[in-house]
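Secondary and tertiary structure notes
Each chain, letter by letter, is given below.
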Amino acid sequence: MTVTLEQRADAFRRLDEAKLAFARRDWFPGTSGNLSIKLSDDPLQFAVTASGKDKTKLSPEDYLVVDGESRPVEPTALKPSAETLIHAVVYKRIPQAGACFHVHTVWNNLVSELYFGQRAFSIQGQELIKGLGIWEENARITIPIVENFAHIPTLAAAIDKVITPDVPGVLIRNHGIYAWGANDFEAKRHLESFEFLFEYHVRWLQLRQNAVSLTHTS
Ligand SMILES: CSC[C@@H](O)[C@@H](O)C(=O)COP(=O)(O)O
Ligand SMILES: [Zn+2]
């Protein structure tokens, strides 16, 4: 299937929108983060952020199109995100994924470190779990956590082993989250829901700890 110039331009425009929305929340500290939107399945091609850019800004050199091996499909001086291989793994492992977003936040880093021992973080009974597309009564979700291997093929292989269509995300220890969805709208909803759940959980732990300390000092 050939990707048309219109599809490419539409994906770049959607990436601009997602990028600005996340930038407003300070989700791209120090040029971290990367975003992609799938353009075709067979052969796999997706639009992805160029490496090392300031993702709080828009420029004509922000994105490029790559194939399933993370190689640019068009002549370009741009370098794809250093973590493009992870996007490729998500699209190959979860064929229904149409967009994949990665951000580093303090809340996702705290949760990834707190629960790395269990290699997963679970949470139950929160309304925002519905934001992940899970509507059962009192649902519990479990997001896997992988080690932050510096060697990206090793990191991508670790992610490949643990992701499933049951939960649309994976945490990397003291690094960040990858969240995906059928399209950019859904991937953004999933990412925002995860981040709400992480922040809620860490704040709740802090409040509980403060309450315990108060009981012991009074
Ligand atoms: C300087 S932030 C850390 C980066 O190594 C990486 O984790 C990241 O998210 C951004 O890398 P990039 O190559 O710009 O997509
Ligand atoms: Zn990263």
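Residues numbered from 1 in each chain as written. Chains lettered and ligands numbered in written order. Predicted model: local features only at pLDDT ≥ 70, side-chain atom pairs only at ≥ 80, totals over all residues. Heavy atoms only, no water.

**Comments concerning the pairing of strand β2 (residues 44–49)**
Every regular strand shows the same layout, with side chains that alternate between the two sheet faces. What counts, and what does not: Burial classification: accessible surface area is computed with a 1.4 Å probe over protein chains only, and a residue below 20% of its type maximum counts as buried, one above 50% as exposed, and the rest as partly exposed. Only runs of H or I of at least four residues qualify as helices and only runs of E of at least two qualify as strands under DSSP, and these elements are numbered from the N terminus. In short, DSSP must find at least two bridges between two strands for them to pair.
In terms of residue burial, β2 counts as a mostly covered element, since six of its six residues are buried. Two elements, strand β1 (residues 34–41) and β2, share five bridges in a ladder whose sense is antiparallel. Bridge pairing links Asp41 to Leu44 in β2. Bridge count for β2 against strand β3 (residues 63–67) is five bridges, and the pairing is antiparallel. Paired with Gln45 across the two strands is Asp67, which belongs to β3.

**Some details on the site of ligand 1**
Where we set the bar: Note on definitions. A residue lies near a molecule or strand when any single heavy atom of the residue is within 4 Å of it. Pairs of N or O atoms within 3.5 Å make up the polar contacts considered here, provided that, within protein, one atom can donate a hydrogen while the other can accept it, and that residues adjacent in sequence are counted only when both atoms are side-chain atoms. For the accessible areas, the method is Shrake-Rupley and the probe is 1.4 Å, while residue cover comes only from the protein chains on display.
Looking at ligand 1, there are 14 residues lining it, with Ser51, Gly52, Lys55, Ser81 and Glu83 nearest. Taking Gly52, its main chain carries an N or O atom lying 2.7 Å from an oxygen atom of ligand 1. Contacts to ligand 1 include Ala82, whose backbone N or O atom sits 2.8 Å from an oxygen atom. Look at ligand 1: alone it shows 420 Å² of surface, and the protein chains cover 73% of it.

**What to know about the UniProt feature "domain: Class II aldolase/adducin N-terminal" (unreviewed entry) in the protein**
We apply this condition: UniProt positions are given in the numbering used here, feature names are shortened, and annotations may be inferred rather than shown by experiment.
Per the UniProt record, "domain: Class II aldolase/adducin N-terminal" (unreviewed entry) is annotated on residues 13–202. Strand forms 24% of residues 13–202 and helix 32%; the C-alpha atoms that close the span are 34 Å apart.

**Observations regarding the coordination of the zinc ion (ligand 2)**
Ideal geometry at a metal centre: 109.5 degrees between donors when four sit tetrahedrally, and 90 or 180 degrees when six sit octahedrally. Selection criterion: Any N, O or S atom lying within 2.8 Å of the metal counts as a donor, and for Na, K and Ca the limit rises to 3.2 Å; water is left out, so some sites can look incomplete. Donor angles set the geometry label: tetrahedral for four donors if every angle is between 85 and 135 degrees, square planar for four and octahedral for six if opposite donors exceed 155 degrees and the others are between 65 and 115, irregular for anything else.
Only Glu83 (OE), His102 (NE2), His104 (NE2) and His175 (NE2) from the protein reach the zinc ion (ligand 2) as donors, at distances of 2.1 to 2.7 Å. Each of the six donor atoms bound to the zinc ion (ligand 2) contributes to angles spanning 73 to 170°, and the resulting shape is octahedral. Counting gaps between the donor residues of the zinc ion (ligand 2) yields the pattern E-x18-H-x1-H-x70-H. With Glu83 in the loop between β3 and α2 (84–93) and His175 in the loop between β7 (169–172) and β8 (176–181), this pair connects stretches of sequence that are 92 residues apart.

**Thoughts on the confidence of the model for the protein**
Formally: Per residue, pLDDT measures the predictor's confidence, with a range of 0 to 100.
In this model, the protein carries an average pLDDT of 96, and 100% of its residues clear a pLDDT of 70 or more. Among the prediction metrics, the complex's ipTM stands at 0.97, with pTM recorded as 0.96.

**Notes on the pairing of β7**
The cut-off we apply is this: The path from the first strand over the helix to the second decides the hand: if it runs clockwise while the strands point away from the viewer, the crossover is right-handed.
Alternating positions in β7 separate into two faces, Gly169 and Leu171 on one and Val170 and Ile172 on the other, with burial throughout. For strand β6 (residues 140–146) and β7, the ladder comprises two bridges, and the chain directions are parallel. Paired with Val146 across the two strands is Ile172, which belongs to β7. Handedness of the β-α-β unit built from β6, helix α4 (residues 152–162) and β7 comes out right-handed. In this structure, the hairpin formed by β7 and β8 is closed by a connection of three residues, where Asn174 is found at a positive phi of approximately 50°.

**With respect to unusual backbone geometry**
In this structure, the amide linkage connecting Asp42 to the following residue, Pro43, adopts the cis form with an omega of 5°. Note that Pro43 resides in the loop between β1 and β2. Backbone geometry places Ser70, a non-glycine residue, at a positive phi of 70°. With respect to the helices and strands, the residue Ser70 is situated in the loop between β3 and α2.

**Structural notes on the sheet that holds β6**
Put simply, the rule reads: Orientation is described by axes fitted as lines to C-alpha atoms, over the contacting stretch for helices, and by angles from 0 to 180 degrees between their N-to-C directions. By definition, residues are in contact when any of their heavy atoms lie within 4.5 Å.
With mixed pairing, the eight strands of this open sheet are ordered in space as β3-β2-β1-β4-β8-β7-β6-β5. This sheet does not close on itself; its edge strands, each paired only once, are β3 and β5 (120–124). On average, each strand axis in the sheet is inclined to that of its neighbour by 20°, with strand direction left out of account. Those strands touched by helix α5 (residues 184–217) are β1, β4 (99–103), β5, β6, β7 and β8, and its axis lies near 140° from that of β8.

**With respect to the packing of aromatic side chains**
Operational definition: Two rings belonging to Phe, Tyr or Trp (six-membered ring only in the last case) form a pair when the distance between their centres is within 6.5 Å. Interplanar angles under 30 degrees mark stacking, angles over 60 mark edge-to-face geometry, and anything in between is tilted. Geometrically, a lysine NZ or arginine CZ counts as sitting over a ring once it is within 6 Å of the ring centre and also within 35 degrees of the ring normal.
This structure, assessed with the given rule, holds eight aromatic pairs. Consider the rings of Phe12 and Tyr63, whose centres lie 5.4 Å apart with planes at 50°: the pair is tilted. One end of the pair, Phe12, is in helix α1 (residues 5–24); the other, Tyr63, is in strand β3, and 51 residues separate them in sequence. Each member of the pair, Phe12 as well as Tyr63, carries the same accessibility label: buried. Feature note: the residues Phe22, Trp27, Phe28 and Phe101 constitute an aromatic cluster, connected by ring pairs. Against the face of Trp27 rests Arg25, its NZ or CZ located 5.1 Å from the ring centre.

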